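Spelled out, the chains give:
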Amino acid sequence: MPVLDGIKAELAAHLQTLISKMTLGTTGGSSSSRDGGIGNAAFSVTPIVQRIDDRTISISGTFDTSYISAQDIKEVSVHGSTPLDNPTYRTSFHPISKNATNEIRVDVVLEVR
């Protein structure tokens, strides 16, 4: 029996309450469903978390020119109040140089299926 839509809506609402930080890191590496979180956290922001519909939430974080890293940024994680919390979402990507002349905006859309 599939999960009912009402339960999916409640799961999305609960997931929204678990997200309080977005962190960029410099480690990279493969992401998986058994991921332990960000390897080497560079900096974190408090993202804007919005409900799109009953089963979908949007997470948006902006890292402005005040955030500077000597190492390239290679991963993003969405998690609770500390980078050590179990991540809700983590992914790695091609390296990005983060310095005082650029801004990075990360948008993540999560859907409960």
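For the structure itself, look to the data block above.
From a predicted model like this one, the values you see are computed outputs, not experimental measurements.

**Concerning a nonpolar patch on the surface**
- Together, Val3, Leu4, Ile7 and Leu11 make up an exposed nonpolar region whose accessible area comes to about 370 Å².
- Of note, Leu4 is situated in the segment before helix 1 (5-18).

**Focus on the sheet that holds strand 7 (residues 104-111)**
- Sheet architecture is open: three strands sit in the order 3-4-7, paired in antiparallel fashion. Whereas interior strands pair on both sides, the edge strands pair on one side only; in this sheet they are strand 3 (48-53) and strand 7. Each strand axis lies, on average, 20 degrees off the axis of its neighbour in the sheet, ignoring direction.
- Pairing of strand 3 with strand 4 (residues 56-63) involves five bridges; the strand directions are antiparallel.

**A look at the packing of aromatic side chains**
- Following the criterion strictly, the structure yields three aromatic pairs and no others.
- Between the aromatic rings of Phe43 and Tyr67, the centroid separation amounts to 5.2 Å while the plane-to-plane angle is 50 degrees, which identifies the pairing as tilted. Taken together, the positions of Phe43 in strand 2 (residues 41-45) and Tyr67 in the loop between strand 4 and strand 5 (73-79) put the pair 24 residues apart, joining distant regions of the chain.
- Its relative accessible area of 10% is what places Phe43 among the buried residues.
- Centre to centre, the rings of Phe63 and Tyr67 are 5.8 Å apart; their planes meet at 75 degrees, and the pair counts as edge-to-face.
- Since its relative accessible area comes to 0%, Phe63 is described here as buried.
- By the ring-pair criterion, three or more aromatic residues cluster together here, those being Phe43, Phe63 and Tyr67.

**Digging into the sheet that holds strand 1 (residues 21-25)**
- Taken in spatial order, the four strands of this open sheet run 2-1-5-6, and their pairing is antiparallel. Either end of the sheet is taken by a strand with one partner, and the two such strands are strand 2 and strand 6 (89-96). Taken over all neighbouring pairs, the strand axes of this sheet differ in orientation by 20 degrees on average, direction set aside.
- Bridging between strand 1 and strand 5 involves five bridges; their strand directions are antiparallel. Bridge pairing in strand 5 places Lys21 opposite His79.

Cut-offs applied
- Residues numbered from 1 in each chain as written.
- Predicted model: local features only at pLDDT ≥ 70, side-chain atom pairs only at ≥ 80, totals over all residues.
- Heavy atoms only, no water.
- Patch = residues over 30% accessible without salt bridge, like charges linked within 9 Å, V, L, I, M, F, W, Y side chains within 5 Å.
- Areas by Shrake-Rupley, 256 points an atom, 1.4 Å probe, with all protein chains shown as cover.
- Salt bridge = Lys/Arg side-chain N within 4 Å of Asp/Glu carboxyl O.
- Helix = DSSP H or I, 4+ residues; strand = E, 2+ residues; numbered from the N terminus.
- Pairing = 2+ DSSP bridges.
- Axes fitted to C-alpha atoms, helices over the stretch in contact; angles between N-to-C directions.
- Phe/Tyr/Trp six-rings, centres within 6.5 Å; stacked < 30°, edge-to-face > 60°.
- Buried < 20%, exposed > 50% of the residue type's maximum accessible area, 1.4 Å probe, protein only.

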